[in-house]
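The residues making up each chain are set out below.
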Amino acid sequence: MAADTKTNTKNSVAEIFKSMDYGPAPEADNVAKAWLNDHDNGEFGLFIDGKWVKPDGRKTYQTKNPATGEPLATTIQGEQEDVDLAVSSAKKAYETWSKTPNHVRARHLYSIARHIQKHMRLFSVVEAMDNGKTFRETRDADIPIVVRHFYHHAGWAQLMDTEMRGWKSVGVIGGIVPWNFPLMLLTWKIAPALAMGNTVVLKPATYTRLSALLLAEVCAEAGLPPGVFNVVTGNGAMGSKLADHPDVDKVAFTGSTGVGQTLRRLTAGSGKKLSLELGGKSPVVVFETADLDSTVEGVVDAIWFNQGQVCSAGSRLLVQEGIHDKLVDKLKERLTHFRVGDSLDKTVDMGAIVDESQRKSIEEYVESARQEGAEIFQISAIPKKGCFYPPTIITNVQTVSRVVVEEIFGPVLVVLKFRTAKEAIALSNNTIYGLGGSVWTENIPLALEAALSIKAGTVWINCHNLFDSAAGFGGYKQSGYGRDGGKEGLFEYVRPSWEKRPRPEPVQLDLKAFGQIVQARPTIGNNQKNEISADGKLPGIDRTFKMYYGGKQARPDAPYARPVVSPNGTVIAHVGEGTRKDVRNAVEAAHAASAGWGKRAAHNRAQIVYYMAENLELRRDEVANRIHQMTGRSMDDCKTEVDLSVQRLFHWGAYCDKYGGTVQETTLYGCTVKVHEPMGVIGIACPDEYPLLGFVSLFAPAVIRGNAIVIVPSEKYPLSALDLYQVFDTSDLPGGVVNILTGDRNHLSKYLSEHQDIQSMWYFGTAEGSKFVEYMSAENVKRTWVNYGLARDWTDPEQGQGEEFLYQSIQCKNIWIPMGDIFAN
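Note on numbering: residues in each chain are counted from 1, in written sequence order. Only residues with pLDDT of 70 or above have their local features reported here, since the model is predicted, and side-chain atom pairs are shown and tallied only from 80 upward, although totals for entire chains, interfaces and linings are computed over all residues. Here the side-chain values reflect all heavy atoms present in the structure, with hydrogen atoms and water set aside.

### What to know about the overall build of the chain
Looking only at helices and strands, the chain has 28 helices and 35 strands in total. Over its C-alpha atoms the chain spans a radius of gyration of 29 Å, differing by no more than 12% from the 28 Å that the globule rule assigns to 825 residues. Its C-alpha atoms give the chain principal-axis dimensions of about 120 × 65 × 50 Å. Each residue is assigned to one of three classes by its accessible area relative to the maximum for its type, calculated with a 1.4 Å probe on protein chains only: buried under 20%, partly exposed between the two thresholds, exposed over 50%. For the chain, with 825 residues in total, the buried portion stands at 59%. Restricting the contact set of the chain to residue pairs at least 6 apart, pairs at least 24 apart contribute 75%. Note on conventions: DSSP H or I runs of at least 4 residues are helices, E runs of at least 2 residues are strands, and numbering of each starts at the N terminus. Put simply, the radius of gyration uses C-alpha atoms, and a globule should come to 2.2 Å times the residue count raised to 0.38. Residue contacts are counted whenever heavy atoms from the two residues lie within 4.5 Å of one another.

Here it is in structure tokens:
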């Protein structure tokens, strides 16, 4: 007991602890300032080809500490010449680095990890001062994850020949990263890129450049060869210059959805690979069966970690009605003990917003909610000096409110109620985003079902914002595509071994004119002849094939048909000329079938595909003759195509229940499960080469992985696909899983690419069509797979049934399930 000097009474220990206040516990900044002074008192150049470069005549940018406003360093605003120099250096280094033995690359990545560990405190302090986030976060979260990624990918470099057999490096990677996790997010790009044999040119965010420059210096110290990793600094336009450079083979971007859409349009038709990790509006779903006290701490991690400047921030709190008020009260009480202040103070819970412009944007969102009548709760104890914003809770909001729909990217939590689990799932998925989410309940079956139902790339159970190099992170819908981390993340930095980097000639694309057609007219006078009967005495009976969607044949919406003509000019048949309305009808049918087909047992899907192979083989001669009629190829060659198509159905049938995912070996005490989920509805435009085999090679992998498709068969030779109507019907394929539209490939691809409810578009046609598909996909950030007008050999197993078909058919979801009832207590 302690005596109170004023009242001369004794206070209990509990009372003393209640009245105690935190004293400051600042982390020394001397090591960071010493590093800055080592570089001409904080005047940095660019890091290119293993050395510092300071070109003359460049504008500069002053980096400031968001918590204090103190100037930290001066960096260069690079120009096109600097991008050219960095890319040239990376291209030259690639010739050697890509041929470096796997073990040697593994040693280099291991060395980088070790050297970062040796400088962990320097990295932690620099990151906190540059970004405004707390030193505790950089020390305990950011930098350890950075180190873990380099160690983990050293392993992938070592194992590339076995674990990534059939794949090779891409080339020069252009990395563009944001300011919220300056070092961690760039590591997510460069570690897998270097492991797979690529070289990198990195453009860090304008606000936060210092840790990228420090890492470049440390990589050189660790012995990384010159030119393998280069850093160029500049404004936002610098990123576009890097992405547009002809010698950049892949662009890896993390940032806003708007900028991601711009990059997709900029790189369309260029042959560059592109991965996008974009915005989010992640739901935190709390059921009545949740442990509320642990949930409160989980919500703190979900939304106020890194000042809410997290793409996967749990910014939408969905609470079951019976516990809504209680949980909100607990959160408000928790915030009264929340400390906001200087990022280097180790007693602080939340640091500064990165820049005044971002702080004003957050403030505008909150004021808009206030004007709509929402209730705003904020703590008042924040520093007067510096770029700070109080942790905020907004209640009494509508599902259409701006603060509910749009990404605020700040420490602002919006709260909504739900009654049933189905309503919770509907609210969770009522967003254009799909990056992350979490489920809170002690009922694990409920948690798992909810996690599988939420359309997001990562779902945490009873936790939020956990990351590890062994589990890929990335989004669904307008949160982008591609993954950072895990084996799934390696595919972003490789291409099939047989494939050369596509370098199509520049295409002048008229977006309005693309795909416009004039329907067929009477064919008299152009040397086309109608087919005659078998005895040669009677005119053949006119045959017009219908389209196929919703499990039945359907006439085209517009009464137009196009002739299918043999090599000798004979009109074999007519097929429908599809239009925008046919696309609409087919997509609706596909969506109606998609959910049920995706949830079918994989074994059941396999049986259906095997039935297709069985029924196709029964009609071998008939189908081969049809190919012969259309193409003029020999009957033996046509029969071989049918046989290969049967084999390919068997191949993909075998994969129905053998590509569902895996257990990830993360650092979590628990279980992290990777699930390969279907994309949803895929639009497919088939090539003219091998009209049956090309069709089967594309539709089968999509269907076996649970997708529904709208597919356009060969424009010149569509009858082989239409002959499969009866094969589908007699193989128990549910209606709407495969929908076939005939007509002009580009005309139909135009409307498939523009359709908001198509999740992915595969196009095998012209270079112009490939550019259009990629450009228009930016509208809803759908994934694309195009051929840039280059043919492939569909008879070759590598080209016609490689792992890339599976990769394009699925999206990865990682579900994190922590444990701790027995041994972690």
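### Concerning the packing of aromatic side chains
Under the pairing criterion, centres of Phe, Tyr and Trp rings, with the six-membered ring standing for Trp, must be within 6.5 Å; the plane angle then separates stacked pairs below 30 degrees from edge-to-face pairs above 60, leaving the rest tilted. By the definition in use, this model includes 29 aromatic pairs. On the basis of an interplanar angle of 55 degrees and a centroid distance of 5.8 Å, the ring pair of Trp188 and Phe467 is categorised as tilted. Linking Trp188 in helix H7 (residues 182–195) with Phe467 in the loop between strand S19 (458–461) and strand S20 (480–481), this pair joins segments that are 279 residues apart in sequence. Of the two residues examined, Trp188 and Phe467, each falls in the buried class. When the ring of Phe695 is compared with that of Phe699, the centres are 5.4 Å apart and the planes differ by 50 degrees; the resulting orientation is tilted. One end of the pair is Phe695 and the other is Phe699, both in helix H22 (residues 691–704) and 4 residues apart, which spans about a single turn.

### Thoughts on the pattern of salt bridges
Each salt bridge in this description consists of a side-chain nitrogen of Lys or Arg and a carboxyl oxygen of Asp or Glu lying within 4 Å of one another. Here the structure, examined in full by the defined rule, presents 45 salt bridges. For Asp249, the salt bridge is made with Arg503, and the minimal N-O distance between the two is 3.2 Å. Of this pair, Asp249 sits in the loop between helix H9 (236–244) and strand S11 (250–254) while Arg503 sits in the loop between strand S21 (494–496) and strand S22 (529–530); the two residues are 254 residues apart in sequence, bridging distant segments of the chain. Of the residues examined, Arg503 reaches a relative accessible area of 49% and is grouped as partly exposed. The partner of Arg359 in a salt bridge is Glu356, and the shortest N-O contact between them spans 2.9 Å. Taken as a pair, Arg359 and Glu356 lie in helix H13 (residues 356–371) at a separation of 3 residues, close to a single helical turn. Residue Arg359 is classed as buried on the basis of its relative accessible area of 16%. Note on Glu356: relative accessible area 34%, which makes it partly exposed.

### Considering helix H25 (residues 745–754)
Judged by how many residues are buried, H25 sits mostly within the fold: 9 of 10 residues are covered. All of the buried residues in H25 are Arg745, Asn746, His747, Leu748, Ser749, Lys750, Tyr751, Leu752 and Ser753. Considering only its buried residues, H25 is in contact with helix H18 (580–599), strand S30 (681–685), strand S31 (708–712), strand S33 (760–763) and helix H26 (767–777). Polar contacts, as counted here, are pairs of nitrogen or oxygen atoms within 3.5 Å of one another; within protein the pair requires one atom able to donate a hydrogen and one able to accept it, and residues that are adjacent in sequence qualify only if both atoms are side-chain atoms. For H25, the N-terminal cap is Asp744; the gap from its side-chain oxygen to the backbone nitrogen of Asn746 is 3.1 Å.

### Re unusual backbone geometry
Peptide bonds are trans in most cases, and residues, glycine excluded, mostly fall at negative phi. For Asn41, which is not a glycine, the phi torsion comes out positive at approximately 55 degrees. Locating Asn41 in the fold gives a position in the loop between helix H2 (30–38) and strand S3 (46–48).

### Topic: the packing of helix H6 (residues 135–163) against H7
At a minimum axis separation of 8 Å, H6 and H7 run at an interaxial angle of 10 degrees. On the basis of the axis angle, H6 is roughly parallel to H7. Contacts between H6 and H7 involve Asp142, Ile143, Ile145, Val146, His149, Phe150, His153, Ala157 and Met160 from the former and Leu183, Met184, Thr187, Trp188, Ile190, Ala191, Pro192 and Ala195 from the latter. Lys, Arg, Asp and Glu make up the charged group, whereas Ala, Val, Leu, Ile, Met, Phe, Trp, Tyr, Cys and Pro make up the nonpolar group; the residues left over, Gly among them, are polar. Of the residues that constitute the contact of H6 with H7, the class distribution is 13 nonpolar, 3 polar and 1 charged. For helices, the fitted line uses only the C-alpha atoms of the stretch in contact; every axis is such a line through C-alpha atoms, and the angle between N-to-C directions lies from 0 to 180 degrees. Here the word oblique covers every angle except those under 35 degrees (roughly parallel), over 145 (roughly antiparallel) and from 65 to 115 (roughly perpendicular).

### Points about the pairing of strand S29 (residues 670–678)
Two elements, strand S28 (residues 661–664) and S29, share 4 bridges in a ladder whose sense is antiparallel. Paired with Thr662 across the bridge in S29 is Lys674. One bridge is not enough; two strands pair if DSSP finds at least two bridges between them. Connecting the antiparallel pair S28 and S29 is a turn made up of 5 residues. Where S29 and strand S35 (residues 810–818) come together, 9 bridges link them in antiparallel fashion. Residue Pro678 lies in a different strand from S35, and its bridge partner there is Ile810.

### Description of the sheet that holds strand S18 (residues 436–440)
Strand order in this open sheet of 10 strands is S15-S16-S17-S14-S13-S18-S19-S35-S29-S28, and the pairing throughout is mixed. A single partner strand is all that each edge strand has here, and the edge strands are strand S15 (375–378) and S28. Taken over all neighbouring pairs, the strand axes of this sheet differ in orientation by 20 degrees on average, direction set aside. Relative to S18, strand S13 (residues 283–286) runs parallel, the two being bridged by 3 bridges. Counted as the bridge partner of Val284 is Ser438 from S18.

### Thoughts on the nonpolar core
Nonpolar cores are built from buried Ala, Val, Leu, Ile, Met, Phe, Trp, Tyr and Cys residues. Side-chain atoms within 4.5 Å join them into one set. Counting 113 residues, the largest nonpolar core has Ile116, Phe229, Trp304 and Leu317 as the members making the most contacts within it. If sequence neighbours within four positions are ignored, Leu317 has contacts with Val284, Val286, Val299, Leu327, Leu331, Leu413, Val414, Val415 and Leu416. Core analysis: the second largest hydrophobic core is formed by 62 residues, Val564, Ala606, Ile682 and Ile810 among them.

Remember, this is a structural readout, not a statement about activity or role.
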